[in-house]
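Take a look at the letters that make up each chain.
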2 protein chains.
Amino acid sequence: MARFDFVVLGSGPAGRRAAIQAAKLGKSVLVVDDRSKVGGVSVHTGTIPSKTLRETALNLSGWRERGFYGRSYRAKGDIVSEDLSMRMARTCEYEVAVLEHQFARNGVKTMVGRGRFDGPGRIVVERREEGRNFEEVVEAGKVLIAVGTQPHRPAHIPFNDTNVFDSDSFIARPRLPRSLAVVGGGVIGVEYATIFSALDVPVTLIDPRARLLDFLDGEIVDNLVHLMRDNGMTLRLGGMVDKIRFAANGNPVCMLEDGRQVSAEVVLFTAGRSGATGSLGLDTVGLKVDRRGYLEVDRTTFQTSVAGIYAAGDVVGFPCLASVSMEQGRSAACHAFDAPYSTEGKSNPYGVYSVPELSAVGMSEEQVREADIAYECGVARFRETSRGHIMGMDYGVLKMICARDTRKVLGVHIIGEGASELIHIGQAVINLGGTVDYFVENSFNYPTLAEGYKIAALDVWNRLQAQAADVVELPVAAARPARPRSRRA
Amino acid sequence: MARFDFVVLGSGPAGRRAAIQAAKLGKSVLVVDDRSKVGGVSVHTGTIPSKTLRETALNLSGWRERGFYGRSYRAKGDIVSEDLSMRMARTCEYEVAVLEHQFARNGVKTMVGRGRFDGPGRIVVERREEGRNFEEVVEAGKVLIAVGTQPHRPAHIPFNDTNVFDSDSFIARPRLPRSLAVVGGGVIGVEYATIFSALDVPVTLIDPRARLLDFLDGEIVDNLVHLMRDNGMTLRLGGMVDKIRFAANGNPVCMLEDGRQVSAEVVLFTAGRSGATGSLGLDTVGLKVDRRGYLEVDRTTFQTSVAGIYAAGDVVGFPCLASVSMEQGRSAACHAFDAPYSTEGKSNPYGVYSVPELSAVGMSEEQVREADIAYECGVARFRETSRGHIMGMDYGVLKMICARDTRKVLGVHIIGEGASELIHIGQAVINLGGTVDYFVENSFNYPTLAEGYKIAALDVWNRLQAQAADVVELPVAAARPARPRSRRA
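Everything numeric here is computed off the predicted structure, so don't read it as measured data.

Undergrad: Lay out the pattern of salt bridges in plain terms, naming residues and giving numbers.
TA: Within this structure, the stated rule accounts for 54 salt bridges over all chains. Its salt-bridge partner being Lys454 of chain B, residue Glu327 of chain A comes within 3.0 Å of it at the nearest N-O pair. Pair noted here: Glu327 of chain A is in helix α9 (residues 322-336) and Lys454 of chain B is in helix α14 (residues 451-470), and the two residues belong to different chains. Judged by relative accessible area, which is 7%, Glu327 of chain A ranks as buried. Ionic pairing is found between Glu376 of chain A and Arg404 of chain A, a salt bridge with its closest N-O pair at 2.3 Å. Of this pair, Glu376 of chain A sits in strand β20 (residues 375-381) while Arg404 of chain A sits in the loop between β21 (397-403) and β22 (409-415), placing them 28 residues apart in sequence. Overall, Glu376 of chain A belongs to the buried group, its relative accessible area being 1%.

Undergrad: Which residues make up helix α1 (residues 13-24) of chain B, and what values do they have?
TA: Residue and element names in this part refer to chain B. With 12 residues, α1 should cover 16 Å at 1.5 Å per step; its first-to-last C-alpha distance of 17 Å lies within 8% of that length. For α1, the tally of buried residues reaches 11 of 12 residues, placing the bulk of the element in the interior. Where the residues of α1 are buried, they touch β1 (2-9), β2 (29-33), α2 (40-44), α5 (81-105), β6 (132-145) and α9 (322-336). Just past α1, the residue Gly26 takes up positive phi, approximately 85°.

Undergrad: Help me get a handle on the nonpolar core, residues and values and all.
TA: If you look at the biggest cluster of nonpolar residues, it comprises 60 residues, and the most contacted ones within it are Phe439 of chain A together with Met400 and Phe439 of chain B. Leaving out residues up to four positions away in the same chain, Met400 of chain B has contacts with Glu376, Cys377, Gly378, Val409, Gly411, Val412, Val436, Phe439, Tyr453, Ala456, Ala457 and Val460 of chain B.

Undergrad: Just give me the short version of the sheet that holds strand β10 (residues 203-207) of chain B, but keep the residues and values in it.
TA: All names here are of chain B. Spatially, the five strands line up as an open sheet ordered β8-β15-β9-β10-β11, and their pairing is parallel. Of all the strands in the sheet, the pair left with one neighbour each is β8 (164-165) and β11 (234-237). Relative to β10, strand β9 (residues 180-183) runs parallel, the two sharing four bridges. What sits directly across from Leu180, in β10, is Val203.

Undergrad: If you had to explain the packing of α1 of chain B against α9 of chain B to someone new, which residues and values would you point to?
TA: All names here are of chain B. At a minimum axis distance of 7 Å, the contact between α1 and α9 shows a crossing angle of 35°. Where α1 crosses over α9, the two elements pack in a sense that is right-handed. Contacts between α1 and α9 involve Pro13, Ala14, Arg17, Ala18, Gln21 and Ala22 from the former and Ala322, Ser325, Met326, Gly329, Arg330, Ala333 and Cys334 from the latter. Among the residues forming the contact of α1 with α9, the class breakdown is eight nonpolar, three polar and two charged.

Undergrad: How would you summarise the packing of helix α1 (residues 13-24) of chain A against helix α5 (residues 81-105) of chain A if you had to cite specific residues and measurements?
TA: Residue and element names in this part refer to chain A. Relative orientation of the contacting elements α1 and α5 amounts to 25°, with a least axis distance of 10 Å. Our classification of the angle between α1 and α5 gives roughly parallel. Relative to α5, the crossing made by α1 is left-handed. For the pair formed by α1 and α5, the contact residues are Arg16, Ala19 and Ile20 on the first element and Val98, Leu99, Gln102 and Phe103 on the second. When grouped by side-chain class, the residues that make up the contact of α1 with α5 number five nonpolar, one polar and one charged.

Undergrad: How would you sum up the packing of aromatic side chains? Please name residues and give values.
TA: Applying the stated rule across the entire model yields 22 aromatic pairs over all chains. Ring geometry for Tyr438 of chain A and Phe439 of chain A: centres 5.3 Å apart, planes at 85°, overall edge-to-face. You can call Phe439 of chain A buried: its relative accessible area is 0%. Connected via pairs of aromatic rings, a cluster forms that spans Phe165, Phe170, Tyr192 and Phe196 of chain A. For the cation-ring pair, Arg132 of chain B lies above Phe134 of chain B, with the distance from its terminal atom to the ring centre recorded as 4.4 Å. Sitting above the plane of the Phe337 of chain B ring, Lys142 of chain B keeps its charged end 5.9 Å from the centroid.

Undergrad: An account of the confidence of the model for chain A is needed here, citing residue identities and associated values.
TA: Residue and element names in this part refer to chain A. Of the residues in chain A, 92% reach a pLDDT of 70 or more, and the chain-wide mean stands at 91. Counted against residues more than four places away or in other chains, residues 478-489, with its pLDDT under 50, gives 20 contacts. Quick note on the complex model: pTM equals 0.91, ipTM equals 0.90.

Undergrad: Tell me what's going on with the environment of Gly40 of chain B, and back it up with residues and numbers.
TA: All names here are of chain B. Assignment of secondary structure puts Gly40 in helix α2. Considering only alpha carbons, one finds Gly40 and Ala14, 26 residues apart in sequence, at a separation of 9.6 Å. The residues touching Gly40, leaving out its near neighbours within four places in the chain, are Ser11, Gly12, Asp33 and Arg35.

Undergrad: Mind laying out the domain arrangement of chain A, listing which residues take part and the relevant values?
TA: Residue and element names in this part refer to chain A. When its domains are assigned, chain A resolves into domain 1 (2-151 + 274-336), domain 2 (164-271) and domain 3 (356-470). Placing a centre on the C-alpha atoms of domain 1 and another on those of domain 2 gives a separation of 27 Å. Of the residues lining the interface, 21 residues belong to domain 1; the matching set on domain 2 comes to 18 residues. Buried area between domain 1 and domain 2, summed over both chains or domains, comes out near 1700 Å², and the portion from carbon and sulfur atoms is 62%. Linking domain 1 with domain 2 are one salt bridge, by the criterion used here. Residue assignment for the side of domain 1 that touches domain 2 shows that the elements contributing at least two residues are α3 (47-61) and α5. Counted by class, the side of domain 1 that touches domain 2 contains 10 nonpolar, five polar and six charged residues.

Undergrad: Lay out the relation of the copies chain A and chain B with the relevant residues and their values.
TA: Note on the chain copies: they are related by a rotation about an axis and a translation along it. The transformation that overlays chain A on chain B combines an axial shift of 0.0 Å with a rotation of 180°, and the residual RMSD is 0.0 Å. These values place the two chain copies in the arrangement generated by a two-fold rotation axis. Ranked by how close their C-alpha atoms come to the rotation axis, the residues of chain A are headed by Ile425 of chain A, at 2.3 Å. A share of 100% of interface residues in chain A that are also interface residues in chain B marks the association as one of identical surfaces.

Undergrad: Please give an account of the environment of Ala374 of chain A that cites residues and values.
TA: Relative to the assigned elements, Ala374 of chain A resides in the loop between α10 (365-370) and β20. For Ala374 of chain A, a relative accessible area of 34% gives the class partly exposed.

Undergrad: Outline the interface of chain A and chain B, listing residues and values.
TA: When the parts of a complex come together, some accessible area is lost, and that lost area is often used as the size of the interface. Across the contact, 69 residues belong to chain A and 69 residues belong to chain B. The junction of chain A with chain B conceals about 6200 Å² of combined surface from both sides, 52% of it contributed by carbon and sulfur atoms. If you look at where chain A meets chain B, you find six salt bridges. Across the salt bridge formed by Glu441 of chain A and Lys346 of chain B, the nearest N and O atoms sit 3.6 Å from each other. Put simply, chain A and chain B have 37 residue pairs in polar contact (both at pLDDT 80 or more) between them.

Undergrad: Which residues make up unusual backbone geometry, and what are the values?
TA: All names here are of chain A. Along the chain, Val355 connects to Pro356 via a cis peptide bond; the corresponding omega equals 0°. The residue Pro356 is located in the loop between β18 (350-352) and β19 (358-362) in this model. The backbone of Glu130 sits at a positive phi, close to 45°, despite the residue not being glycine. With a relative accessible area of 85%, Glu130 lands in the exposed category. Phi at Phe302 takes a positive value of approximately 65°, unusual for a residue other than glycine. Within the fold, Phe302 resides in the loop between β16 (273-275) and β17 (309-311).

Undergrad: Before we move on, can you summarise the pairing of β1 of chain B with the specific residues and values?
TA: All names here are of chain B. Alignment of β1 against β6, held across seven bridges, turns out to be parallel. Its bridge partner being in β6, Leu9 is matched across the sheet by Ile145. Here four bridges tie β1 to β2, and the two strands are oriented parallel to one another. For Leu9, the partnering residue across the bridge sits in β2 and is Val32. Considered for its hand, the β-α-β crossover made up of β1, α1 and β2 is right-handed.

Rules and cut-offs
- Residues numbered from 1 in each chain as written.
- Chains lettered and ligands numbered in written order.
- Predicted model: local features only at pLDDT ≥ 70, side-chain atom pairs only at ≥ 80, totals over all residues.
- Heavy atoms only, no water.
- Salt bridge = Lys/Arg side-chain N within 4 Å of Asp/Glu carboxyl O.
- Helix = DSSP H or I, 4+ residues; strand = E, 2+ residues; numbered from the N terminus.
- Buried < 20%, exposed > 50% of the residue type's maximum accessible area, 1.4 Å probe, protein only.
- Expected span 1.5 Å × (residues − 1).
- Contact = heavy atoms within 4.5 Å.
- Core = buried A, V, L, I, M, F, W, Y, C linked by side-chain atoms within 4.5 Å.
- Pairing = 2+ DSSP bridges.
- Axes fitted to C-alpha atoms, helices over the stretch in contact; angles between N-to-C directions.
- Left-handed = near helix turned anticlockwise from the far one by under 90°.
- Nonpolar A, V, L, I, M, F, W, Y, C, P; charged D, E, K, R; others polar.
- Parallel < 35°, antiparallel > 145°, perpendicular 65-115°, else oblique.
- Phe/Tyr/Trp six-rings, centres within 6.5 Å; stacked < 30°, edge-to-face > 60°.
- Lys NZ or Arg CZ within 6 Å of the ring centre and 35° of its normal.
- pLDDT = per-residue confidence, 0-100.
- Domains from an automatic or database assignment.
- Buried area = accessible area lost by both parts, 1.4 Å probe.
- Least-squares fit on C-alpha atoms with pLDDT ≥ 70 in both.
- Polar contact = N/O pair within 3.5 Å; in protein donor to acceptor, adjacent residues only side chain to side chain.
- Right-handed = clockwise from strand over helix to strand, strands pointing away.

Following this line, the structure appears as structure tokens:
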């Protein structure tokens, strides 16, 4: 029976990063994944395919040029479904090759099969080779559960993978429907809804909550909602989909509990995902999952309640971002093998690859208010930068939040082209303890969108100056509420 | 006779920023410019038009999609010269409007006319209104000379603005020639040569020096040269253009002093620019310029040798970047009116808007070696990032240089899509005193090109670790040279 210092269940971002880290620390490592190709959801049905689809859609639709050439501008006359699949297949192949190479170079072994616990330190892998099923047992020093998630498929939704899809089956065979209804206004729902809207497919987005993406800054989300509607998308918020029926022509009809109906050629149902933990034999080691299949861990070490068993990535829940999962995997491996590593106190960026992109780092205005920190906000519009104008950008906003007393940057929130790249400038300043003055005093390439940082910082800076000079102590009765009121009228 | 606290000659980036700064300090400000529209070279013949031309060329040629769809891919079948001019005109109009609005909002007065000194504190403006020429005299507390530059037009070159152009006349009427010879491998020459090459115009670039852009990191310039040739451009380096003759069909032929000849439908001659100082009456205040018309200033205060007279922007020479000119203007205004301001010790980014873009911050490898600092380099290729692959990028490099002892980041150099935006991440880390560990320890949005920072940093990090572990003290005779040898084989 083979023995490994570290057995990693799953080869997505968390598993991959943990495996490489442990190998670099000189440990013997086995990665078990039941897909025939490594990479996990990220490479096969999640991040990479959806971002490739997005890029293809933007290229083919000429989206980035519409500011100049008008809404009816198309770079390519007829967009066919093959255009969408071709690039996805090539990107996916490449990602798998890179990952296999990385594993090989670091001496990480891989095994195709479904792994499960059979008591502490014992992993059984259900394998299939040349038509034969068999089980292989390996002994594990430490184990990382990085199996990720699967789409949540509620029993009352008639998934048929023909015209009612979950996000995995939807991306497996991308096509351009005549109309699309997206159920679920989380990250996945918003990404697909906006991508297909950019391809001029009529889209309806349905969510039971009144607000989309409620973990992001409200003002930025307001901007997104405005742009969605402006591009012709229909939003049906505040109503749960009670059931889906089929019309005489076979098209699905979403029936909302409040009586509203949404008909479309295709329905994409994205009401969350659940941990792919069902067949892991967790009971044999005394581990429990919550009702959505997620595991609880210590958020610094990523160890579960059982010593030597770690969990990282989407299977531990929010934020379910590939970049964060990698850091979690690395933290877990370092803790497992006594290497110093800590990501504490560091602000991670979030990226939502909708059209346009959203990205954020640090605190939202809601969080700052909740924490009762005195603050000021500054805003820049991309069209206020020369580069934005050159690129014909009539949308795009950068919002900066700074503390009044320390002048430190608390958060940066961007919507617009390149947001997910630009956010790292704000991240560096936040994580290195910089203040609003950094942006005021340093020069930026001209013309760039990054100048938005300077414009927003000057906006903050002016508010800090003006208010410091103008404040007059009034008798209590006449005074305004103590809560800082810093927003533009 | 009107009196102003501050008279600014020129309304380009340096003049504009200085004027606004002085106005914000409560001073009365007059901006004098002989163009009927404010903005200077930057808005009218330099930065803005050339960057707009670049963006238009990339959009229309489908350049960004060629990685996926092949070299023959075009987003739009027929690119005509009107496509090039239309966007330029719109962007330029917009920039002028923004600037006029900014002046108006801050109470900055403007006057159209040619300004000259008539003794200290006295500016004469040659004006023309309703067909009538007249002179207006204003009294000035302090003066900023921000008149910029004009193309250097050597007497032996037969400029005709029909098929032999300087960079100002070239951009005034952009057209798509059948072939183009660009003389001068500085920033302007390289930008136009690569833009027209991206439009599939056969381009020859001629420069007397053996290397292009020698103020940038050599490895990055090597990359650019490779890409230029790979895209079909011809380089004729190490040979001066002795004269230009015309062939029987009227086409210009560049005759190099070494006997080589380069024929093309259009010649763009970009052999540097010279300070537009000829008619400023500098002798009346005792100021002198060098042989290229540039003024010498204190590089911190931007004051000339005459107290109260400042100069900033391109007229003081290198680096001639709009972003830096703005900071210079601000420094001058702050020094003139006793406001604290210093940009000392801050690394400014450089941006070259060629195809692809180049950008840099901090020291080049050549400068680090010159300063005899022990260092390591790390390199990332954009195609190693998932986003690069999704975007079909087969080129693009990020190079990071770090000090061995302090681990501080000394320089970042990028060639590739978005370089001028991405560089600001490195700039923040450099200017806030961060080390290579910043990039190793912080998480980046996935997928982004910014992940290139992490890849390059890990490359540096591994070299620092490996070499620290492996170094063995040898007897002096057997020891290797003391100079750090950190480059990839």
